[in-house]
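If you want the building blocks of each chain, they are given just below.
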Amino acid sequence: KGMFAYLEAFKNVLKYDSNCRLVVIGDLCNAPDLLAAAGEAVSKVTLTGRLDKELLSYWYRMADIGVIPSYSEQCSYVGLEMMSYGLPVVASDGFGVRCMFRDEINTLTASIGNRNNPEEFEQNLADSTLCLLNNAKLRKKLKKNARQILQKKYSFSEMEKQYKAIFMA
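Now for a description of the structure that goes with this document. Note that this is a predicted model, so its numbers are computed, not measured.

1. Comments concerning the environment of Met82
And step 1. Its location among the elements puts Met82 in helix H4 (residues 77-84).
And step 2. C-alpha separation for the pair Met82 and Ala63, spaced 19 residues apart in sequence, amounts to 9.7 Å.
And step 3. Not counting chain neighbours up to four residues away, the residues in contact with Met82 comprise Tyr60, Gly66, Val67, Ile68, Leu87 and Val89.

2. Describing the pairing of strand S4 (residues 89-92)
And step 1. Here S4 shows no split at all, with Val89 and Ala91 on one side and Val90 and Ser92 on the other all buried.
And step 2. Note that the unit made of strand S3 (residues 66-68), H4 and S4 has a crossover that is right-handed.
And step 3. As defined by bridge partners, S4 adjoins strand S5 (residues 108-110) across three bridges and the pair is classed as parallel. By the bridge assignment, Ser92 is partnered in S5 with Ala110.

3. Quick word on unusual backbone geometry
And step 1. Of note in this structure, Glu104 is not a glycine but carries a positive phi near 60 degrees.
And step 2. Tracing the backbone through its elements, the reader meets Glu104 in the loop between helix H5 (97-100) and S5.

4. Comments concerning helix H7 (residues 136-153)
And step 1. Taking 1.5 Å as the rise per residue, H7 with 18 residues should run 26 Å; its terminal C-alpha atoms sit 25 Å apart, in good agreement.
And step 2. All of the buried residues in H7 are Leu138, Leu142, Asn145, Ala146 and Leu150. Angular distribution of buried residues about the axis of H7 spans 140 degrees; they occupy a single face of the element. Exposed residues on H7 whose side chains face more than 90 degrees from its buried face are Lys137, Lys140, Lys144, Gln151 and Lys152.
And step 3. By the N-cap criterion, in which a side-chain oxygen at the helix start approaches the backbone nitrogen of a residue two or three places on, H7 is capped by Asn135, the distance to Lys137 being 3.3 Å.

5. As for the sheet that holds S5
And step 1. Ordered in space as S3-S4-S5, the three strands form an open sheet in which the pairing is parallel. Sheet topology places S3 and S5 at the edges, where each strand pairs with a single neighbour. With strand direction ignored, the average angle separating the axes of adjacent strands in the sheet is 20 degrees.
And step 2. In the sheet, S3 pairs with S4 via three bridges, with the strands oriented parallel.

What counts and how
- Residues numbered from 1 in each chain as written.
- Predicted model: local features only at pLDDT ≥ 70, side-chain atom pairs only at ≥ 80, totals over all residues.
- Heavy atoms only, no water.
- Helix = DSSP H or I, 4+ residues; strand = E, 2+ residues; numbered from the N terminus.
- Contact = heavy atoms within 4.5 Å.
- Buried < 20%, exposed > 50% of the residue type's maximum accessible area, 1.4 Å probe, protein only.
- Right-handed = clockwise from strand over helix to strand, strands pointing away.
- Pairing = 2+ DSSP bridges.
- Expected span 1.5 Å × (residues − 1).
- Arc of directions from axis to C-beta.
- Polar contact = N/O pair within 3.5 Å; in protein donor to acceptor, adjacent residues only side chain to side chain.
- Axes fitted to C-alpha atoms, helices over the stretch in contact; angles between N-to-C directions.

Here you go:
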């Protein structure tokens with residue numbers, strides 16, 4: 001879903017900020033391939049696997065930013081979790097992701113660009129990550145907006161209305 005592109009981007013981020021760490025949470029059927037792709041950056045990458053709610057909460061609270069490098073999503077539960085923890089997010093403009101995240105409103109968008117040129121997306125991911133890491137004012141704005149959007153658009157009552165509309169159509 002874009003993790004290999006983000007690994008390449010992360011290597012570029014490390015050239016400018018060697019204190020960064022990438023933590024990948026969730027089921028990883030391709031963990032050996034991800035670690036191999038990390039190359040020399042492997043010591044800066046942590047693959048946790050699936051976590052219980054308490055440990056997941058710990059990682060979210062410790063994170064500086066969240067990243068959703070997906071080429072497409074339906075409804076990104078990870079995106080909802082990141083918003084609920086007030087994480088500033090770097091997200092792709094992939095189908096579905098762009099429906100949840102708006103550039104400089106609740107995310108800093110990394111354009112996928114030409115899918116035949118993965119280096120373009122990798123560079124956009126690296127640039128967006130570095131911009132967000134180095135801009136406290138933008139991080140604060142995205143955090144605030146993310147929580148407001150979560151409450152307004154993704155509350156239980158709002159989701160209930162949307163589901164009823166689908167079933168009544």
